[in-house]
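# A closer look at the structure
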Amino acid sequence: ALMAMEESELLVKFPIVIPEPVVNEEEEVEEETEEVENEEIEEVEDEQVENQEPITAEAYVQNAPPEIRDMLEDGLETNRRTRSKLIETIMANEANGFSKKFLEAQSSQVLRNLSKLAAPVENKEENEERGARFDGMREVPDNLEDSEEEPLNVPTMSFGDA
């Protein structure tokens, strides 16, 4: 019988009631104080972050524990030398259109990729990969007029009686 009734009739006979959750006043007070404390902590943290200057790599290394300070200094020096060599390679290329200041602002990965493009090709195999190969080509004679080889006669074709 319920299945045959329309939805509006069902809502009149059986109204939907959503019960309100029962809240204990003590729990409510505790939640409010926790929320206020959390908000105060977040505000203090936000103020500290806003007032804090960005830390430099040198300052980070100086504040690092002595056990790893040498490793960090060596790593930074190695990175500086590598970047310097990459920038020199790129700047040495005649087709380079970048300024040194622009290249110094780029990431090490970008500099490595640009350096690969800008580096001169020193080995023949790499050169062959980049350009055309002429392995099957015969030697070009110095003087074609003095050649002893006679050219072949042009063949003629006739479709008539032979």
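So, a few notes on the structure that sits alongside this text.

So, how was this worked out
Residues numbered from 1 in each chain as written. Predicted model: local features only at pLDDT ≥ 70, side-chain atom pairs only at ≥ 80, totals over all residues. Heavy atoms only, no water. Helix = DSSP H or I, 4+ residues; strand = E, 2+ residues; numbered from the N terminus. Buried < 20%, exposed > 50% of the residue type's maximum accessible area, 1.4 Å probe, protein only. Salt bridge = Lys/Arg side-chain N within 4 Å of Asp/Glu carboxyl O. Axes fitted to C-alpha atoms, helices over the stretch in contact; angles between N-to-C directions. Left-handed = near helix turned anticlockwise from the far one by under 90°. Contact = heavy atoms within 4.5 Å. Nonpolar A, V, L, I, M, F, W, Y, C, P; charged D, E, K, R; others polar. Phe/Tyr/Trp six-rings, centres within 6.5 Å; stacked < 30°, edge-to-face > 60°. Patch = residues over 30% accessible without salt bridge, like charges linked within 9 Å, V, L, I, M, F, W, Y side chains within 5 Å. Areas by Shrake-Rupley, 256 points an atom, 1.4 Å probe, with all protein chains shown as cover. Expected span 1.5 Å × (residues − 1).

### So, the environment of methionine 71
With respect to the helices and strands, the residue methionine 71 is situated in helix α4 (residues 66–92). Overall, the relative accessible area of 53% leaves methionine 71 in the exposed class. With ten residues separating them along the chain, methionine 71 and valine 61 place their C-alpha atoms 9.4 Å apart.

### Structural notes on the pattern of salt bridges
Using the criterion set out here, one finds three salt bridges in the structure. For the salt bridge of arginine 80 with glutamate 77, the shortest nitrogen-to-oxygen distance reads 3.7 Å. Linking arginine 80 with glutamate 77, this pair stays in helix α4, spanning three residues, or about one helical turn. Taking the relative accessible area as the measure of exposure, arginine 80 reaches 42% and is therefore partly exposed.

### Quick look at the packing of α4 against helix α6 (residues 108–118)
Axis separation between α4 and α6 bottoms out at 8 Å; the angle between their running directions is 35°. The crossing of α4 and α6 is left-handed. Of the residues in α6, those in contact with Asn79, Arg83, Leu86, Ile87, Thr89 and Ile90 of α4 are Ser108, Leu111, Arg112, Leu114, Ser115 and Ala118. For the contact of α4 with α6, a count of residues per class yields six nonpolar, four polar and two charged.

### Considering the packing of aromatic side chains
For the structure on display, the rule yields one aromatic pair. The interplanar angle of 10° and the centroid separation of 5.2 Å between the aromatic rings of phenylalanine 98 and phenylalanine 102 together place this pair among those described as stacked.

### Side note on a nonpolar patch on the surface
Nonpolar side chains collect at one region of the surface, where Leu11, Ile16 and Ile18 lie side by side and expose about 370 Å² of accessible area between them. For leucine 11, the location among the structural elements is in helix α1 (residues 7–13). Among the residues examined, leucine 11 registers a relative accessible area of 44% and is labelled partly exposed.

### Looking at α4
Helix length check: α4 (27 residues) gives 40 Å between terminal C-alpha atoms against 39 Å at 1.5 Å per residue, within 8%. By the burial criterion, the buried members of α4 are Arg83, Leu86, Ile87 and Ile90. Against α5 (100–104) and α6 lie the buried residues of α4.

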